[in-house]
Structure formats: C-alpha cells, structure tokens
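Notes for the structure review
Residues per chain, in single letters:
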Amino acid sequence: MTVTTTTAPDATWQRWEHRVQTSAHPVAFRLLRAIAARGPVVRVPRVGVVVSDAALARDVLCDTAHYTKTGPGSPSDLWTPVLGPAVLLNMEGADHAALRRRLSGLFTPGYVAGLCDRVLAQPLADLTRRLAAGEEVDLVRVAQSCAGAAICEIVGLPAEPERFAAAHADASEVTKAVRLWRHSLPPRHVRRARDVLGRLTASAVHAYRRGGDDTLPGRLRGLGLSEDEARGAVGAFLLTGTETLVSFIPRLVALCHDTAWLDRLRDGTADAGAVVEEALRVTVPSPVMLRSVARPTAIGGVPVAPGDRVVIATLLCASVYGAFDPDRPHPPELRRLWFGAGPHFCLGMPLAMAQIRAVLDAVLAAGPVTVARRRTARHVLIPGYARLILTLRSAP
Ligand code: HEM
C-alpha cells in the first residue's frame, strides 16, 4: 500500500500529533514522509532501505533467514557497545530463542498485575485525588514517576517515591544519543550510557545474588538466567520499556481528549482495549525498527544485498489506515505491529498494557478532565509531550 498522507493535518488531534512528531524530529519526520510518498520500499543513501508497508514490514520481521539484528546498521551496532553482546535486542537464532523461552514465564498476567498494584498504586492514587480536588496535574510528570517506579522494581530497588524521578532520568539518559541517521553511538555517549546503566544494574546484581521471587532480578535467577544474562535483560528492559511508555501515556490521553473518546471511556460506552490499541496505531511509540540484510533477497521487488540496512518505518506503515477510529478493527497485516512481529516481538507488552490501563483508569476515576495546556518535547528520540496539564472540566 502506498502512503498518501502528505496533506496537511486537519482535525485537532492530527495537528497535535503532527506537532509532536515534528518537534521531536523536525527534519527526519518530513524526510520519512517524503520518502514513503515515493513508494512502499525506497532505497535512501546514508539511511537505508525504507519500508512503509505493513505487510512487507511483517515479512521482513518474520524472515530470519534473510534479515538479522546483528549485522551492519542493525540495532547491535547501537547497543552491543553499551549492553554487551547477548541482550535479546542484539541476538539471533538458537541463542535468542533459548533465552526467550526461559523468559516466557516472566511477565505473566499475575506478576504484571501484582507489580502494577505494588508500585503504581500510590502515584496513581495521588493522580486521581489531585485531579478530583480540582488541582492541575502534569501527566508527563506522572508518566515519568510511574516509569521510575517500574524501573525500581526492575532493578530490584524498593519502590520509594523519592527515587522515581532520578531512576527515570537515568534510564532516559541512555537513549538520548540515538538518532535515526546514526548507525552507531559516538564514543562519549557509549561511555556515559555504560556508566548510567552500570549504576542502575548494580542493584540488580545484588538482588540477583539474594535470589527469591520478591524482586525481578531474583525471578530472573529462578528462571535459570546467569548473572550476566540477568544484568543484560534488566538493561534491555530499561532501554525498551521506559521512554515508550512515557511518550505514549500522555499522547493517549491527549488523543482521547481531542477526539471526545475520553467521555465515552468514562461513561462506559467505549471499549478501552480497542481505544488503547487504536491510539498505539496512530502514535506508534516505537516509530522505526532496524534490520541488516544477511542474504540477498528482495523486499516488494526492490533487491537488497548483505550489509544493507533496512529501516521499517512503523509509523508510516500504520498511518495509511486512516483517522483515529477505535470502532474499526485492525487488518491482520497491521495487528500490533507497534510491538514488532516474529521472534523479537515485544517481550514487555503485557507489562506495557497493564501500566497504560492503570494510568488511564486513574485519570478516568477523577471525573471529566480536560487538557488545560500542553507543550511538545523538542529533539527527543521518541516523540511525545514535554508537558500535558490536565484539570477537571468543572472544578468542585
Ligand atoms: C508502549 C510500550 C512499548 C512499545 C511500543 C514497545 C515496542 C517494542 C518493539 C517494536 C519491539 C521489537 C523491536 C524489533 O523487533 O526491532 C520491542 C522489543 C522488546 N521490548 Fe518492547 N515496547 C514497549 C514496552 C516495553 C516494556 C514495558 C518492556 C519491558 C519492561 C519491553 C521490553 C522489550 C524487550 C525486552 C524487547 C526485545 C525482545 C527481543 O528482542 O526478543 N517493551 N518492543
């Protein structure tokens, strides 16, 4: 399917989403759209082979015979110097499958629900109470606190509110240096990212050595991971599971506000699961995925050779399916593409969905809220808001 969405956005939600994207990537966003307008698969010097069709993207992600996450231009160029050689994101084949199998019992529904109850209960009770009392609340701050709380849990630290902001700031430091056109991280960013991750994962190592089911690193040990594998897994969770949620949660609420779906969610006439899934489709908090070509083949008729970098523009793959409409089911080729496809499909999806629903429920529980003010985040890897101030529509 060819991308045709080059016209100026018209609805309020589209204008805001457009602004979110262009504030983050003033050049790259426009460039990607211009590329996609030329066809579903386009070779671009210095960037790679850009794929903006959902069915072709899924084919690439599921075809491990021809594409890899470990070759030139793939995520391993970015993350191996920081995280080490064996952390899911930069593994393939039998080793990757074996580690995934051992991790399959990690984010079970019971564990995820318990984690959210344990670590998010207090920040979310505060959110509902403050909104219900007529206060203004910055949802970006709340999402950062929730991310910080989840990070404490992941690295095996007690989830104490005074740690949350620093934990989030540390984790976001690691992704700061990534840019679409960069094939690797500059050495000083690698050093900085390794320092920060070393600090964060040091507590994970203590928790791993203590063992037991009451911390996530302890559970990793129980699942049979070695200390190095557990440290790597914790690093991968911090890298993939922090900024995606901090970007998405405020955008979800802004989008539902701008389209009046927030009222339908509150009065129970909307299916919250469908609304969240459709909001993921139009925002796509993981806007691109990278692969390296391992063996000669073709994508949609465009020949590719070993060493070529494939840029799957998930945002563009999803945007051709039209305006925000939670009542319209997603076609099979698109289904949850924002969480990937094939062997690297997002391991943390159950945790992500539980955190998203917990924050959304806490906002809805406060009463009819409105967006009082907002500001988009500039020059960030994952587009989002810098501030999203919510308040009750009519204060009591
Ligand atoms: C809305 C939130 C999230 C989105 C949109 C998202 C998206 C993705 C995507 C697209 C991939 C596949 C990348 C690829 O194939 O190149 C991925 C992989 C992964 N995600 Fe998520 N993610 C989210 C939250 C989380 C959370 C909360 C965690 C855990 C704490 C997590 C852990 C992982 C891990 C470990 C992988 C690597 C899996 C592998 O390579 O086998 N993610 N995620």
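Each remark here, short or long, concerns the structure printed above.
Residues numbered from 1 in each chain as written. Predicted model: local features only at pLDDT ≥ 70, side-chain atom pairs only at ≥ 80, totals over all residues. Heavy atoms only, no water.

As for the pattern of salt bridges
Summed over all chains, the structure comprises 15 salt bridges. The partner of Glu 160 in a salt bridge is Arg 163, with the nearest N and O atoms 3.1 Å apart. Here Glu 160 falls in the partly exposed class, since its relative accessible area comes to 30%. Between Arg 209 and Glu 227 there is a salt bridge, with the nearest N and O atoms lying 2.8 Å from each other. (Salt bridge = Lys/Arg side-chain N within 4 Å of Asp/Glu carboxyl O. Buried < 20%, exposed > 50% of the residue type's maximum accessible area, 1.4 Å probe, protein only.)

Focus on the sheet that holds strand S9 (residues 369-376)
In space, the three strands of this open sheet follow the order S4-S10-S9, with antiparallel pairing throughout. Of all strands in the sheet, those bounded by a partner on one side alone are strand S4 (137-138) and S9. Sheet topology note: the S9/strand S10 (residues 385-392) ladder contains seven bridges and is antiparallel. Note on S10: the bridge partner recorded for Arg 375 is Arg 387. (Pairing = 2+ DSSP bridges. Helix = DSSP H or I, 4+ residues; strand = E, 2+ residues; numbered from the N terminus.)

Let's talk about the site of the ligand
Within the structure, the ligand sits among 24 residues, and His 96, Arg 100, Arg 291, His 344 and Cys 346 are positioned closest to it. Here Arg 291 contributes a side-chain N or O atom positioned 2.8 Å from an oxygen atom of the ligand. The side chain of His 344 places a nitrogen or oxygen atom 2.6 Å from an oxygen atom of the ligand. Contributing elements (two or more residues each) for the shell around the ligand: helix H5 (93-103), helix H11 (227-241), helix H12 (243-258), strand S5 (288-293) and helix H16 (349-365). Broken down by element, the shell around the ligand gets its largest block of residues, three residues, from H11. Taken together, the residues of the shell around the ligand sort by class into 13 nonpolar, eight polar and three charged. (Near = heavy atom within 4 Å. Polar contact = N/O pair within 3.5 Å; in protein donor to acceptor, adjacent residues only side chain to side chain. Nonpolar A, V, L, I, M, F, W, Y, C, P; charged D, E, K, R; others polar.)

As for the sheet that holds strand S8 (residues 309-313)
With respect to topology, five strands assemble into an open sheet ordered S1-S2-S8-S5-S3, the strand pairing being mixed. Two strands close off the open sheet at either side, each with one partner strand: strand S1 (41-44) and strand S3 (67-68). Relative to strand S2 (residues 48-51), S1 is paired through four bridges, and the arrangement is antiparallel. Note on S2: the bridge partner recorded for Val 42 is Val 50.

Points about unusual backbone geometry
In the Ramachandran plot, Leu 88 falls in the positive-phi region, its phi being about 65 degrees despite a non-glycine side chain. Mapped onto the fold, Leu 88 is located in the loop between helix H4 (75-83) and H5. You can call Leu 88 buried: its relative accessible area is 9%. Even without being glycine, Val 284 reaches a positive phi, approximately 45 degrees. Note that Val 284 resides in the loop between helix H14 (272-283) and S5. A relative accessible area of 1% means that Val 284 is categorised as buried.

Details of the coordination of the iron atom of the ligand
Ideal geometry at a metal centre: 109.5 degrees between donors when four sit tetrahedrally, and 90 or 180 degrees when six sit octahedrally. Protein coordination of the iron atom of the ligand is limited to a single donor, Cys 346 (SG), positioned at 2.3 Å. Within the secondary structure, Cys 346 sits in the loop between helix H15 (314-319) and H16. (Donors = N, O, S within 2.8 Å, 3.2 Å for Na, K, Ca; no water.)

So, the packing of aromatic side chains
All told, the structure shown has six aromatic pairs when counted by the stated rule. When the ring of Trp 261 is compared with that of Phe 324, the centres are 6.4 Å apart and the planes differ by 85 degrees; the resulting orientation is edge-to-face. Of this pair, Trp 261 sits in helix H13 (residues 261-266) while Phe 324 is found in the loop between H15 and H16, placing the two residues 63 residues apart along the sequence. In this structure Trp 261 comes out as buried when scored by relative accessible area, which is 9%. Taking the relative accessible area as the measure of exposure, Phe 324 reaches 8% and is therefore buried. Measuring from ring centre to ring centre gives 6.3 Å for Phe 339 and Phe 345, while their planes differ by 55 degrees; the resulting arrangement is tilted. Members of the aromatic cluster, each reached through a chain of ring pairs, are Trp 13, Trp 261 and Phe 324. The positively charged end of Arg 19 is found above the aromatic ring belonging to Trp 16, 4.4 Å away from the centroid. The residue whose ring lies beneath Arg 221 is Tyr 208, and the NZ or CZ to ring-centre distance is 5.5 Å. (Phe/Tyr/Trp six-rings, centres within 6.5 Å; stacked < 30°, edge-to-face > 60°. Lys NZ or Arg CZ within 6 Å of the ring centre and 35° of its normal.)

What about the packing of helix H7 (residues 139-155) against H16?
Taken N-terminus to C-terminus, the directions of H7 and H16 make an angle of 140 degrees; their axes are 12 Å apart at the nearest point. The angle between the axes of H7 and H16 places the two elements in the oblique class. You can see that H7 and H16 cross each other, and the crossing is right-handed. Packed against H7, whose contacting residues are Leu 139, Cys 146 and Ala 150, the element H16 presents Gln 355, Val 359 and Val 363 at the interface. In terms of residue class, the contact of H7 with H16 is made up of five nonpolar, one polar and no charged. (Axes fitted to C-alpha atoms, helices over the stretch in contact; angles between N-to-C directions. Parallel < 35°, antiparallel > 145°, perpendicular 65-115°, else oblique. Left-handed = near helix turned anticlockwise from the far one by under 90°. Contact = heavy atoms within 4.5 Å.)

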